[in-house]
Amino acid sequence: MLPKRRTCFGMSLRCKSCLKAIVLAIAVITLIKLSEKTKCLSNKDGSLDGFIKKTDSTKVSLLVRSTSRVEKLATEFYCYALRSMSLFWHPSYGPVTLIFDEESLEDHKYAEGIEKLGLKHTFNIKYRPLPSNSTTLTRKDRSSESNRSLGYARQIYDSFFLDSQTTNDVIAWIDGDTMFLTPITNESIWNGDKLRVQGHPNNSKRRLSRDWHASTKLAIGFPQPSNFMTYFPVYLWRDTISNVRHHVIKQTNSSNFEEAFFKLNNSVQYFICAVTIILTYAYYYEYDRYSWHFDGDILHDNRLLPEGHKIIATDTEPEMNTAVHASYMKETKHAFHKGYCLTKHAAGVVEPSCKKFSKETDLMWHIYWTFEKKSFMDTWCKPGAAGLTCKNYTDQHLKRVRNLVRTGVYDLDLTDKTKIEETAKKLKFKCSKAGF
């Protein structure tokens, strides 16, 4: 049985006119309260003391599951995640957890090389063994069309055990091709005491998306409210993951998770999505622990959801895209550089290399782009009151960034970035298209 949900204004979004009216009301209220909210957020995030106090009380594990066995993955981690993290993810959040294949000598050597870089960040290196049952990752149908790489299936399987790789309460989960676009602030992670979640429209007709829908419903028992695989980092309470495992075992009538995963993995043509399964569970069973931000065709998504669990007005408030899937983003060549310039601009620092991005609109909307080369101009940032709200969210973030740069929390020192690039070159990783 699903837990009861508190709703905003006592209604869900069932009709187009209701949606427009409610979103407009939210935008107006946000504008009215903006100055007070901005002052509050500045006090909270705008000083070194305030920032460190928050990160001391709740540590966050930035976590990546990867392998050096696939050259593309090894390259992407250096060129995208590691480089952008060196500027935009603060070391005080806690050690960066990197998870590799236990039996791989290449992975051990690769991990040792990362530790020897001498970066400001510290690393928590973990190794995962293969499942005890050799058939867990396999397919009944071994045709070339349906049989996914065992290595890929292994990474999906391990995603359901991320909680065992850290003792921190909060996990910030990213892929190796994640590129941060802007400094992460406390407000990027939390909305009060809730973790922020972003969702992308559910209306894709791709076979892959249909597989995610089917396997998620099989795993959780209810349809996914959104596609959660677009935005990174994915912030999760660590115990949510263990709760998901127990739920999936019961839901699939399995004796253990290896058996449950085998069933899920064999229920689709391509592969399942661990991120969407985990956050779909959180949506139905741990809704009040997270702050939900859905973009896109809410009316379409709500038609799929059970009564009492429709997407409501407060679930549609705008949220910024602080990182992207760089390997899917055609603007990757300049994305990291633009993020650096946006930060410098916010801090009032003139940076010669940023002249080509001098148009304010280029900088202002940069952090709302998605990997699909779309902005939120037709949804969260469309003209009118909603667009003003979107702009104000951006302004608030940039004010926090300015304060954090001016107080030395984020120093934007390029030393670590240079170390990473020099090592990548020695390893013959080509990062030329990954930024500046």
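Residues numbered from 1 in each chain as written. Predicted model: local features only at pLDDT ≥ 70, side-chain atom pairs only at ≥ 80, totals over all residues. Heavy atoms only, no water.

## Here we look at the layout of surface pockets
Next, step 1: Considering only enclosed or pocket space, the largest pocket measures out at about 1,100 Å³ in volume.
Next, step 2: Around the largest pocket sit 43 residues that line it, and Y152, Q155, D175, M229 and F271 are the ones nearest its centre.
Next, step 3: Elements with a contribution of two residues or more to the lining of the largest pocket: α4 (71–88), α6 (150–159), β4 (170–174), α8 (207–220) and α11 (274–285).
Next, step 4: Looking at the lining of the largest pocket element by element, the count peaks at 7 residues for α6. (1 Å grid on protein atoms, 1.4 Å probe; cavity = no way out; pocket = protein on both sides within 12 Å on 5 of 7 lines; lining within 4 Å. Points joined across faces, edges and corners; volume = space filled by probe spheres on them. Helix = DSSP H or I, 4+ residues; strand = E, 2+ residues; numbered from the N terminus.)

## Some words on the sheet that holds strand β6 (residues 190–191)
Next, step 1: Spatially, 3 strands are ordered β6-β7-β9 in an open sheet, and the strand pairing comes out mixed. The sheet is open, and its two edges are formed by β6 and β9 (290–294), each paired on a single side.
Next, step 2: With 2 bridges connecting them, β6 and strand β7 (residues 194–199) associate as antiparallel partners. In the sheet register, N191 faces β7, and the bridge partner there is K194.
Next, step 3: Against the sheet, α11 contacts β7 and β9, and its axis sits at roughly 110 degrees relative to β9. (Pairing = 2+ DSSP bridges. Contact = heavy atoms within 4.5 Å. Axes fitted to C-alpha atoms, helices over the stretch in contact; angles between N-to-C directions.)

## A short note on the pairing of strand β1 (residues 60–65)
Next, step 1: Along β1, 6 of the 6 residues are buried, which leaves the element largely enclosed by surrounding structure.
Next, step 2: Here β1 shows a buried face lined by V60, L62 and V64 and a second buried face lined by S61, L63 and R65.
Next, step 3: With 5 bridges joining them, β1 and β4 adopt parallel strand pairing. By the bridge assignment, L62 is partnered in β4 with A172.
Next, step 4: What joins β1 to strand β2 (residues 96–101) is α4, and the crossover it makes is right-handed. (Buried < 20%, exposed > 50% of the residue type's maximum accessible area, 1.4 Å probe, protein only. Right-handed = clockwise from strand over helix to strand, strands pointing away.)

## As for the nonpolar core
Next, step 1: Core analysis: the largest hydrophobic core is formed by 108 residues, its most contacted members being W89, F160 and W292.
Next, step 2: In terms of residue count, the dominant contributor to this core is α4 (10 residues).
Next, step 3: With residues up to four places along the chain from it excluded, the contact list for W292 reads V197, F228, L279, A282, Y283, Y287, T314 and D315. (Core = buried A, V, L, I, M, F, W, Y, C linked by side-chain atoms within 4.5 Å.)

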